Every structure is written in C-alpha cells, then in structure tokens.
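Structural characterization, general
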Amino acid sequence: MIDGQAVEPRAGLRERKKQRTRDALLRAALELFTTQGYERTTVDEIVDAVEVSQRTFFRYFANKEETVFAVQEMVESHFVTELRRRPAGEIPFDAMRRAVLYAWNSIGEAIEEVVPVDLHMRTYRMIESTPTLLAAHMRRGVALEEQIARLIAEREGLDVDRDPRPRVAVAAFSGVIRVTGQLWGQGQDTSVEALRELTETYLDHLGPALAHAWRPDSS
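**Considerations on the overall build of the protein**
Across its full length, the protein carries 10 helices and zero strands. Reading the protein from its N end, one meets helices and strands in the order α-α-α-α-α-α-α-α-α-α. Seen along its three principal axes, the alpha-carbon backbone of the protein occupies a region of about 70 × 50 × 30 Å. Burial analysis of the protein (219 residues in total) assigns 37% to the buried set. Taking all contacts inside the protein whose residues are at least 6 apart in sequence as the whole, residues at least 24 apart take part in 65%. Accessible area of the protein: about 13100 Å², with a carbon and sulfur share of 53%. Charge centroids of the protein, computed over 29 positive and 35 negative side chains, lie 4 Å from each other.

So this is what it looks like as structure tokens:
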C-alpha cells in the first residue's frame with residue numbers, strides 16, 4: 001500500500017509533464033503555421049521553439065498535419081461522445097443538434113487549456129487557405145460524417161447501407177456545421193460562445209429552409 005502511494009504520484013507527475021510537452025509543441029506549431037505558413041514551417045523550427053528534440057516531437061505527433069488537426073479532433077471526439085449519450089427516444093436531428101450545442105457549452109475550457117481560442121480560429125483560417133490542408137480537412141469531414149451516420153443508424157436500429165436516411169440527415173447537418181464554421185472563421189468575434197450562437201441559429205433554420213416555401217406569396 002505504501003509502495004502504491006509512492007508510485008502513483010510519480011506516475012501522475014510524468015503524465016502531466018508529457019501533456020505539458022505535447023501542448024507546448026502544439027502551440028508552437030500552430031503559431032508558426034499561422035504566422036509564416038504551413039508549408040514553410042519545418043519540424044526543426046517547431047522543436048527549436050520548445051527546446052526539445054525531433055524524437056520528442058514524433059513521440060507525440062506522426063507529422064505536421066496531425067498537429068494542425070489536433071484541436072479539431074478533440075472537438076469532434078467530444079461531439080461524438082455527447083451524441084452517444086443522447087437519450088434513445090430523441091429523433092436523430094434533435095440528438096445531433098443538442099449534442100453539438102452541449103459540446104460547445106463544455107469544450108471552451110478544454111480548448112483554452114491547450115491553445116487560445118484565437119489561435120484555434122487562425123488555424124481554421126489557415127486550413128481554409130492552404131490547399132493541402134483543405135483537402136485533408138475534407139477527407140476528415142467525409143470520414144466523420146460516415147462515423148456519425150453509422151452511429152445514428154445504430155441508434156435507430158437501421159442498416160445504414162440499405163436505408164439512406166442516416167447519411168442524408170448527417171449530410172444536411174454537417175453542411176450547416178461547415179457553413180457556420182466558415183462564417184465564424186471570417187468574423188471578428190473569436191469566442192466559443194459566438195460559434196455556438198451562430199450554430200444554433202443556422203440549425204434552427206435548417207428544417208424550415210428544406211420543408212417550407214420561402215416567398216411570402218407562395219401557397
């Protein structure tokens with residue numbers, strides 16, 4: 001028991017040190033990418049900024065691209081976790097809507113612990129303006145949509161390869177998320193609250209935009 005008490009604090013300290021090193025590498029990489037360009041930034045420059053070795057960098061990240069999407073992956077994982085927690089009786093769109101809004105309610109602090117939200121926004125803008133990263137972003141988006149569609153199908157007891165509704169619903173939902181992300185990235189308010197509010201407003205308009213006539217004189 002005494003030995004257990006002695007080992008556990010040391011193990012916890014090691015894990016915290018590893019997390020601090022990873023976060024420092026991530027912040028340094030994103031700052032360099034957003035100030036001098038993704039393609040022009042080398043791994044050597046990143047590790048020099050943190051005063052660690054290349055070996056240390058590759059212990060935490062497979063390559064530069066992985067650092068670019070690290071925070072986004074954290075946000076996406078948070079959303080998927082929240083979606084899995086939604087009550088089984090919720091209809092698919094409500095489950096996705098509430099999951100993403102709840103995720104944004106609770107993810108802000110988690111992002112700030114790793115990088116400033118302003119840096120996260122600048123990274124988003126860099127991705128949108130860098131062809132190789134934009135292509136990777138789109139590939140990641142397709143993979144995430146498929147994961148969510150299969151999760152929705154599982155919730156509803158459907159075969160996603162026979163029933164198109166899960167993929168259709170997720171495609172519409174994901175389209176709104178992409179649009180709001182782009183608008184947030186172009187805006188002046190870099191807060192998570194601004195993104196959440198924008199997302200909620202656009203999701204509220206999704207159903208009426210698809211199902212209702214737009215012109216006042218339409219019958």
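**A look at the nonpolar core**
In terms of nonpolar packing, the biggest core is built from 56 residues, with F79 and L83 touching the most fellow members. At 10 residues, the largest contribution of residues to this core is made by helix α6 (residues 92–114). Those residues in contact with F79 that lie beyond four places of it in its chain are M96, A99, V100, A103, I148 and F173.

**Observations concerning the pattern of salt bridges**
Counted according to the given criterion, the structure contains 17 salt bridges. Close ionic contact of R97 with D204 constitutes a salt bridge, the shortest N to O distance being 2.6 Å. Of this pair, R97 sits in helix α6 while D204 is found in helix α10 (residues 192–211), placing the two residues 107 residues apart along the sequence. Of the charged contacts in the structure, one is a salt bridge between R150 and E146, with a shortest N-O distance of 2.9 Å.

**Here we look at a negative patch on the surface**
A contiguous patch of negative charge on the surface is contributed by D44, E45, D48 and E51. Examined against the element boundaries, D44 turns out to sit in helix α2 (residues 43–50). Take D44: its relative accessible area is 40%, and that puts it in the partly exposed class.

**Examining helix α7 (residues 117–129)**
Along its 13 residues, α7 runs 19 Å from first to last C-alpha, staying within 8% of the 18 Å computed at 1.5 Å per residue. When we look at burial in α7, the residues that qualify are V117, L119, H120, M121, T123, Y124, M126 and I127.

**Notes on the layout of surface pockets**
If a probe as big as a water molecule is rolled over the atoms, it shows which places are left empty. Estimated volume of the largest pocket: approximately 740 Å³. For the largest pocket, the lining is made up of 30 residues, of which Q72, E76, H137, I177 and R178 are closest to its centre. Those elements that provide at least two residues to the lining of the largest pocket are α5 (70–85), α6, α7, α8 (131–156), α9 (165–186) and α10.

**Considerations on α9**
When the terminal C-alpha atoms of α9 are compared, their 32 Å separation across 22 residues agrees well with the 32 Å that a helix rising 1.5 Å per residue should span. Taken residue by residue, α9 has P166, V170, F173, S174, V176, T180, G181, W184 and G185 as its buried positions. Projection of α9 onto a plane perpendicular to its axis shows the buried side chains occupying an angular sector of 165°, all on one side. What points out from α9, more than 90 degrees from its buried face, is the exposed set V168 and Q186. Summarising the contacts, the buried residues of α9 are in contact with α5, α6, α7, α8 and α10.

**Here's the deal with the environment of I107**
By the secondary structure assignment, I107 is in helix α6. Look at I107 and you get buried, because its relative accessible area is 3%. Ignoring any residue separated from it by four or fewer positions in sequence, one finds I107 in contact with M74, V75 and H78.

**Things to note about the side chain of T130**
Mapped onto the elements, T130 comes out in the loop between α7 and α8. Accessibility expressed as a relative area gives 11% for T130, which makes it buried. Those residues within four positions of T130 in sequence are excluded, and the remaining contacts are Y38 and E39.

Reading the values: the criteria
- Residues numbered from 1 in each chain as written.
- Predicted model: local features only at pLDDT ≥ 70, side-chain atom pairs only at ≥ 80, totals over all residues.
- Heavy atoms only, no water.
- Helix = DSSP H or I, 4+ residues; strand = E, 2+ residues; numbered from the N terminus.
- Buried < 20%, exposed > 50% of the residue type's maximum accessible area, 1.4 Å probe, protein only.
- Contact = heavy atoms within 4.5 Å.
- Areas by Shrake-Rupley, 256 points an atom, 1.4 Å probe, with all protein chains shown as cover.
- Lys, Arg positive; Asp, Glu negative; His and termini not counted.
- Charge placed at Lys NZ, Arg CZ, Asp CG, Glu CD.
- Core = buried A, V, L, I, M, F, W, Y, C linked by side-chain atoms within 4.5 Å.
- Salt bridge = Lys/Arg side-chain N within 4 Å of Asp/Glu carboxyl O.
- Patch = residues over 30% accessible without salt bridge, like charges linked within 9 Å, V, L, I, M, F, W, Y side chains within 5 Å.
- Expected span 1.5 Å × (residues − 1).
- 1 Å grid on protein atoms, 1.4 Å probe; cavity = no way out; pocket = protein on both sides within 12 Å on 5 of 7 lines; lining within 4 Å.
- Points joined across faces, edges and corners; volume = space filled by probe spheres on them.
- Arc of directions from axis to C-beta.

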